[in-house]
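# Remarks on the overall topology
Residue-level listing of the chains:
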Amino acid sequence: MPPAPATSFIIPIPLLMLIAVTTMPLLLAGGESIPTTLDGPFKPTTRRFDPSLRRGSDDLPIDHPRLRKSNVSSDLPEQIALALSTPSSMWVSWVTGDAVVGKNVKPLDATLVSSEVWYGKEKGKYTLKKKGNATVYSQLYPFDGLLNYTSGIIHHVLIDGLEPGTKYYYRCGDSSVPAMSEEISFETLPLPSKDSYPHRIAFVGDLGLTSNTTTTIDHLMDNDPSLVVIVGDLTYANQYRTTGGKGASCFSCSFPDAPIRETYQPRWDAWGRFMEPLISKVPMMVIEGNHEIEPQASGVTFKSYSERFAVPSTESGSNSNFYYSFDAGGVHFVMLGAYVDYNQTGAQSAWLKEDLSKVNRAVTPWLVATMHPPWYNSYSSHYQEFECMRQEMEELLYQHRVDIIFAGHVHAYERMNRIYNYKLDPCGAVYITIGDGGNIEKVDVDFADDPGKCPSPGDNVPEMGGSCPLNFTSGPAKGKFCWDRQPDWSAFRESSFGHGILEVMNSTYALWTWHRNQDVYKDDSYGDQIYIVRQPILCISPATS
């Protein structure tokens, strides 16, 4: 059952009348009402981990049918993926050739192959053709006993001239070989407009490649999204030694003598194959997490993430794969980087100010932000880990009245009451943690407010950036680092694997549903559901007023 409302925000009567005008019927098929954020703030509710479930599972073996390479010829495209560019253009990415693991590895020559996409609005009729670029990368570990990796050839092609809400058929590859893929189709999203939205937007984080991951993705595909957003931590290739073998839920525990945080890069290729049935037909937008850092001895980081994914960084003016923005119908997304400079004096903050200043809420009423680590989190895991980032960036997002902020990192689910600066606020964002995709590190079950589970201020330190632990200055936890009960700002939390679906109904109402993996075979069953309601009349943005 959804959490019961707590004491409501005090809203002036004239504004309540205006809000009531926009109220729409909010009923399930059986007549049961779906709560809305207007009913909040909600009394904090916890659904404890179900002991009949396993907390996690091992990774799928590299030779699993959904992970192994199936193409007879290495010239044929595999790991095909789509990503949004602009409302009228799309990135198509894929890999050809064979990756190599060994002591002495020689990169493939990406200039010897062509990167082509043929596409059109009718099956078998490709009236448009585009060429793009190809690249390779290496992951190098000059240590005794460690192996190096060089990738297959990674292709990125930008196709444009796309019409909104239209089905396209395409093939990708090199026609000179010839080595073109089979025909695949996708449907474009609607143009930015207050009256047009993607059918369904899926959110998931911290996926990995376990048996739980397969349930998550199969369940997500059954929900038929038109866009997939992954909030970081994709493959968990860094839970392995460079020699492969068996991955570990804790790398430092299992491999204490490793000279560096190693990775087994073929897990990236396996992940690309695993995801292809979904992301070759539905665009996927990603942001980096800590498991994408993957340091090399030379100091290079994020090489796999940077080379494998095409994102609209140039299109959105960020010129960085670590933070960017895009439109999906009447929703404007800002994807924020937690593992690059986020200080108010830095490049990311300057870009964010410029990007938010250009948002026209008459065209894209909904403003959604994503990042990998949560700013609000009542679990022991990663508790207050990115408090520095919150202090640097939250005010700007609040001033521009960002509606929803999604994060991962914590391997569980949590939805907050509307909040700003640790205070309940009817104009604050709805924060949602969705880092429960199913990875090898298992689901998080401990809460910081449980007896003996409050971390010390020095326990959760980011891999990159500073640490700013704070004691609360007001409320029931005044003077303390942790609450002694579920915080008022935490509306609902549960330790289960799953994914979420956002269905934007109009310029003020969006239905959010969290689907648990254990409900995959149950009709009309879910872990959490609520209408998120924008209140533009009450919450006028001080940044634009």
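The protein carries the name Purple acid phosphatase in an unreviewed UniProt entry, which gives Brassica cretica as its organism. UniProt, in its Catalytic activity (unreviewed entry) section for the protein, records the words "a phosphate monoester + H2O = an alcohol + phosphate".

## Quick word on helix H7 (residues 387-399)
The first and last C-alpha atoms of H7 sit 19 Å apart over 13 residues, in line with the 18 Å expected at 1.5 Å per residue. By the largest-angle criterion, Met393 marks the main kink of H7, which is about 45°. Every buried residue of H7 is accounted for by Glu387, Cys388, Met389, Arg390, Met393, Glu394, Leu396, Leu397 and Tyr398. Looking at the buried side of H7, the elements it contacts are helix H6 (347-357), strand E19 (366-370), strand E20 (404-407), strand E22 (419-420) and strand E24 (430-434).

## So, the nonpolar core
The biggest cluster of nonpolar side chains holds 119 residues, and the ones touching the most others in it are Ile230, Met275, Phe333 and Trp512. Counting residues per element, this core draws most heavily on helix H4 (residues 266-279), which supplies 7 residues. Setting aside anything within four residues of it in sequence, one finds Phe333 in contact with Ile201, Phe203, Leu227, Val229, Tyr324, Ser325, Phe326, Ala328, Val368 and Thr370. Judged by nonpolar contacts, the second largest core, of 5 residues, contains Ile34, Tyr509, Leu511 and Tyr531.

## Remarks on the pattern of salt bridges
Scanning the model with the defined rule gives 27 salt bridges in all. Among the salt bridges present, the one from Arg47 reaches Glu494, with a minimum N-O distance of 2.5 Å. Linking Arg47 in strand E1 (residues 45-47) with Glu494 in strand E25 (residues 490-494), this pair joins segments that are 447 residues apart in sequence. Exposure remark for Arg47: the relative accessible area of 24% places this residue in the partly exposed category. Close ionic contact of Glu494 with Arg516 constitutes a salt bridge, the shortest N to O distance being 2.8 Å. Taken together, the residues Glu494 in strand E25 and Arg516 in strand E27 (residues 509-516) connect sequence positions 22 residues apart. You'll find Glu494 and Arg516 in the same group, each marked buried.

The rules behind these values
Residues numbered from 1 in each chain as written. Predicted model: local features only at pLDDT ≥ 70, side-chain atom pairs only at ≥ 80, totals over all residues. Heavy atoms only, no water. UniProt positions renumbered as here; feature names shortened; annotations may be inferred. Helix = DSSP H or I, 4+ residues; strand = E, 2+ residues; numbered from the N terminus. Expected span 1.5 Å × (residues − 1). Bend = angle between axes of the 7 residues up to and from the residue. Buried < 20%, exposed > 50% of the residue type's maximum accessible area, 1.4 Å probe, protein only. Contact = heavy atoms within 4.5 Å. Core = buried A, V, L, I, M, F, W, Y, C linked by side-chain atoms within 4.5 Å. Salt bridge = Lys/Arg side-chain N within 4 Å of Asp/Glu carboxyl O.

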